[in-house]
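Each chain is listed here by its residues.
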Amino acid sequence: MTIGPANDDLTALTLREAGALFRRGALSPVELTSAALDRAAATEPVLHAFVAVMRDEALAAARRAEAELRAGTDRGPLHGIPVGVKDIFDIAGMPTGCGSRARDRCAPAATDAGAVAAVRRAGAVIVGKTVTQEFAAGVVSAPARNPWDPSRIPGGSSGGSAAAVAAGSCLAALGSDTGGSIRIPAAAVGIVGLKSTYGLLSTRGVFPLAWSFDTVGPLARTVEDAALLLNALVVEGDATTEIGRAVRGRRVGIPRPFFFDRLQPGVRTAVETALGVFADLGAELVETPWPEASAARAAAFVINRVESVAVHQATLQDAAELIGPELRSRLEAGSLLPAADYLCALRVRAAAKRAIARLFADHRLAALLTPTLPGTAVPADRLAVTYDDGDEAVGLAFTRLTMPFNATGQPVLALPCGFDAAGLPVGLQLAGRPFGEAALSRLGHAYEQAAGWHRHRPRVETGDERRE
Amino acid sequence: MDTSRTAADPEALRIPSAEDVRLLAALAGLDLAPDRVPVVAAHLAELRAFAAELRTIDLAGIGPEASFDPRWPEGVPA
């Protein structure tokens, strides 16, 4: 059986398209939410993107949104839009399972996380909690699968959110990014993910992974949709202000050493082709090596691991058997690392930030452009990225190009840039100046509209997958 | 003073042995079953390799960016 988007598929609408239909009375939030819930019901046996689908609550929220809109109360672009929430965000009245047995007996959350409360205030309809890698620490997100090929992983740790958005079970979703956990699944399933500037958004009520890197942000099918969801999360500012403006003359840095060193051929071809699109749009492409990138990644890796130990220290001491074997071993190893290494990593992080600031200033850059992942989604039963010269464990491979920017804290927009020969999505990332989400959206939107990859959607089949 | 070190530093590159891991785990109060020592040692070796890479950067004049606010919380009686 094939479950695919028809021409009149409501779940293919962008936020702006759906909103326009709502306000014309041509579509209701209940109809849209029902379509998303139906898609979830049809695809969940294959994708396992959700921990819990909140059908009754979602339909009730959709009815409220419909009544409000009819009464003239307009909460903005998210009003009546079905949204998924990663299961490390608190939702009042529900347990925050974090994908771990260690949370099996946790009490339901008393209040919504800051981000959840924000999207509710904006009128969004929460359709369910999505699957995460255990405590957001990893890139596999089992049991969730990739809508383009359910034998493959969706990436992680926000893999359930990404799979749900790609499949049309929600129009957007909340995720978190500490080492790449928004950008990695966005790339693996061919959607947009935005890692916000560190500190821009509230992480209240979001289970921590590593405090000095944790960020939250949107996953969506288009750059504008991601920016609109981000707008609902920020206290002030508008990430859409530059969307639609020309990118002619904008300078985009290409840091080839490190970021282009070891890539699958299909990824290299897609990203090089994307560079040509940016050039055609009038962007000035500048070769800008960032010599500290590898050390920045190392710093992010060390800080991430050590802070994770601190987060889980009590469980590690008292109930370690409840933590999955992979994460448990990593936490135990992290607890044995000398404190001097952690402090050295903090110093390298500061040095990397100075270096990237200098790079942007010296070359008058609007952004850096790199591949998001060195390879496409890997099989769930073989967790390694294969290159011409050998394999690399997926946990290291998928975070290799994302983690340097967690070290620097910059905003990074990940978006699709094509497919490999097997029909699997390839992604690129644009890293900008701190709090420069609007400028990134301008670049990303211009590329997206020119390239058109966002129009491709997966058909979820019980067997082979293919692109439409 | 240049406090940077190079990746060639023997201590920085030393791979922890199973015995190292057993001793460190005991010091840290971790209950580490013998059959789990090799996998933890492998993860620690990976971490140490990243830590060694940190020493490739010149850190002269750069301290850790860790913020601390000495002001007392609002509402504390004078």
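Residues numbered from 1 in each chain as written. Chains lettered and ligands numbered in written order. Predicted model: local features only at pLDDT ≥ 70, side-chain atom pairs only at ≥ 80, totals over all residues. Heavy atoms only, no water.

> How should I be thinking about the interface of chain B and chain A in this particular structure?
How big an interface is tends to be stated in terms of accessible area lost as the parts join. Every contact between the two is made by 30 residues of chain B and, on the other side, 35 residues of chain A. Taking both sides of the interface into account, the surface hidden between chain B and chain A amounts to around 2,900 Å²; carbon and sulfur atoms contribute 67%. Interface area lost by chain B to chain A is led by Leu47, Phe50 and Leu54 of chain B, which between them contribute 23%. Seen at the junction of chain B and chain A, the total is five salt bridges. In this structure, Arg36 of chain B and Glu332 of chain A form a salt bridge, with 2.7 Å as the shortest nitrogen-oxygen distance. At the junction of chain B with chain A, the criterion picks out eight residue pairs in polar contact (both at pLDDT 80 or more). Looking at which element gives the most residues to the side of chain B that touches chain A, the answer is helix α3 (residues 37–54) of chain B, with eleven residues. Class assignment for the residues of the side of chain B that touches chain A results in 17 nonpolar, six polar and seven charged. (Contact = heavy atoms within 4.5 Å. Buried area = accessible area lost by both parts, 1.4 Å probe. Salt bridge = Lys/Arg side-chain N within 4 Å of Asp/Glu carboxyl O. Polar contact = N/O pair within 3.5 Å; in protein donor to acceptor, adjacent residues only side chain to side chain. Helix = DSSP H or I, 4+ residues; strand = E, 2+ residues; numbered from the N terminus. Nonpolar A, V, L, I, M, F, W, Y, C, P; charged D, E, K, R; others polar.)

> Would you take a moment to explain the packing of aromatic side chains for this structure?
Centre-to-centre distance and the angle between the planes together describe a pair of aromatic rings. Summed over all chains, the structure comprises nine aromatic pairs over all chains. Taking the centre distance of 4.1 Å and the plane angle of 25 degrees together, the rings of Phe301 of chain A and Phe50 of chain B count as stacked. With one member in each of two chains, Phe301 of chain A in helix α10 (residues 293–318) and Phe50 of chain B in helix α3 form a pair that bridges those chains. The exposure class of Phe301 of chain A is buried, given its relative accessible area of 4%. The class of Phe50 of chain B is buried, set by a relative accessible area of 8%. Ring centres 5.8 Å apart and planes at 65 degrees place the aromatic pair Phe419 of chain A and Trp453 of chain A in the edge-to-face group. A residue pair is termed long-range when its members are at least 10 positions apart, and Phe419 of chain A in strand β13 (residues 412–419) and Trp453 of chain A in the loop between α15 (437–451) and β15 (458–461) qualify at 34 residues. Under the relative-accessibility criterion, Trp453 of chain A is labelled partly exposed at 26%. Taken together, the aromatic side chains of Phe258, Phe259, Trp290 and Phe405 of chain A make up a single cluster linked through ring pairs. Geometry around Phe260 of chain A places Arg256 of chain A over its ring, the cationic atom sitting 5.0 Å from the centre. Residue placement shows Arg349 of chain A over the ring face of Tyr198 of chain A; its charged tip is 5.8 Å from the ring centre. (Phe/Tyr/Trp six-rings, centres within 6.5 Å; stacked < 30°, edge-to-face > 60°. Buried < 20%, exposed > 50% of the residue type's maximum accessible area, 1.4 Å probe, protein only. Lys NZ or Arg CZ within 6 Å of the ring centre and 35° of its normal.)

> Just to check I follow, could you spell out the pairing of β13 of chain A for this structure?
Each regular strand shows side chains that alternate between the opposite faces of the sheet. All names here are of chain A. With respect to burial, β13 is a largely interior element, eight of its eight residues being buried. Pairing geometry for strand β6 (residues 192–195) and β13, over three bridges, is antiparallel. In the strand pairing of β13, Gly193 is matched with Ala414. Here β13 pairs with strand β14 (residues 425–431) via seven bridges, running antiparallel. For Leu415, the partnering residue across the bridge sits in β14 and is Leu428. What sits between β13 and β14 in their antiparallel hairpin is a turn of five residues, with Gly423 showing a positive phi close to 85 degrees. (Pairing = 2+ DSSP bridges.)

> Sorry, what's going on with the side chain of Thr197 of chain A here?
All names here are of chain A. The topology assignment puts Thr197 in the loop between β6 and β7 (215–220). Given the relative accessible area of 3%, Thr197 is considered buried. Not counting chain neighbours up to four residues away, the residues in contact with Thr197 comprise Thr215, Gly409, Gln410, Pro411, Pro434, Phe435, Gly436 and Glu437.

> So what exactly am I meant to see when it comes to the nonpolar core here?
Burial of nonpolar side chains together is a common tendency in soluble globular proteins. Residue and element names in this part refer to chain A. Counting 131 residues, the largest nonpolar core has Phe89 and Trp290 as the members making the most contacts within it. Filtering out sequence-adjacent residues up to four positions away, Phe89 remains in contact with Thr96, Ala113, Ala115, Val116, Lys129, Leu174, Gly175, Ser176, Gly205, Val206 and Val216. By size, the runner-up hydrophobic cluster in this structure holds 22 residues, among which are Ala164, Ala166, Val189 and Leu219. (Core = buried A, V, L, I, M, F, W, Y, C linked by side-chain atoms within 4.5 Å.)

> Sorry if this is basic, but what is going on with the side chain of Ser161 of chain A here?
All names here are of chain A. Mapping Ser161 onto the fold places it in helix α5 (residues 159–167). A polar atom in the side chain of Ser161 sits 2.8 Å from the side chain of Thr130. The contacts of Ser161, once residues within four sequence positions are left out, are Val85, Lys86, Thr130, Val131, Ala173, Leu174 and Leu219.

> Explain the environment of Thr73 of chain A to me, please; I cannot follow it from the model alone.
All names here are of chain A. As for its placement among the helices and strands, Thr73 is situated in the loop between α3 (55–70) and β3 (82–86). The exposure class assigned to Thr73 is partly exposed, which follows from its relative accessible area of 39%. The spacing of Thr73 and Val302 is 229 residues in sequence and 49 Å in space, taken between C-alpha atoms. Other than its neighbours up to four places away in sequence, Thr73 contacts Glu68 and His79.

> Explain helix α7 (residues 223–233) of chain A to me, please; I cannot follow it from the model alone.
An α-helix turns once per 3.6 residues; consequently, residues spaced three or four apart project the same way. A large share of α7 of chain A lies buried, amounting to ten of its eleven residues. Regarding α7 of chain A, the residues found buried are Val223, Glu224, Asp225, Ala226, Ala227, Leu228, Leu229, Leu230, Ala232 and Leu233 of chain A.

> Is there a simple way to explain the packing of helix α2 (residues 18–28) of chain B against α3 of chain B in this structure?
A packed helix pair is summarised by two numbers, namely the angle formed by the two axes and the spacing between the axes. All names here are of chain B. Taken N-terminus to C-terminus, the directions of α2 and α3 make an angle of 95 degrees; their axes are 9 Å apart at the nearest point. Between α2 and α3, the interaxial angle falls into the category roughly perpendicular. Contacts between α2 and α3 involve Ala18, Val21, Arg22 and Leu24 from the first element and Val37, Val40, Ala41 and Leu44 from the second. Each residue belonging to the contact of α2 with α3 can be placed in one class, and the counts come to seven nonpolar, no polar and one charged. (Axes fitted to C-alpha atoms, helices over the stretch in contact; angles between N-to-C directions. Parallel < 35°, antiparallel > 145°, perpendicular 65-115°, else oblique.)

> Please explain the confidence of the model for chain A as it appears in this structure.
Low pLDDT means the predicted coordinates in that region are not meant to be read closely. All names here are of chain A. Confidence in the prediction for chain A averages 96 pLDDT; 97% of positions are at 70 or higher. Between residues 1–7, whose pLDDT stays under 50, and residues either more than four places distant or in other chains, the model counts 18 contacts. Within the model, the stretch residues 462–468 combines pLDDT values under 50 with 21 contacts to residues more than four positions away or in other chains. (pLDDT = per-residue confidence, 0-100.)

> It is not clear to me how the sheet that holds strand β2 (residues 50–53) of chain A should be interpreted in this structure. Could you clarify?
Hydrogen bonding along the main chain pairs the strands of a sheet, whether they run parallel or antiparallel. Residue and element names in this part refer to chain A. Strand order across the open sheet formed by eleven strands is β2-β4-β3-β5-β7-β6-β13-β14-β10-β8-β9, with mixed pairing between neighbours. The open sheet has two free edges, formed respectively by β2 and β9 (284–287), since each of these has just one partner strand. Taking the axes of each pair of neighbouring strands and ignoring which way they run, one obtains an average angle of 30 degrees across the sheet. Sheet topology places strand β10 (residues 367–371) next to β14; four bridges connect them, and they run antiparallel. For Leu368, the partnering residue across the bridge sits in β14 and is Ala431. Taken strand by strand, α15 contacts β6, β8 (251–254), β10, β13 and β14, and its axis lies near 10 degrees from that of β13.

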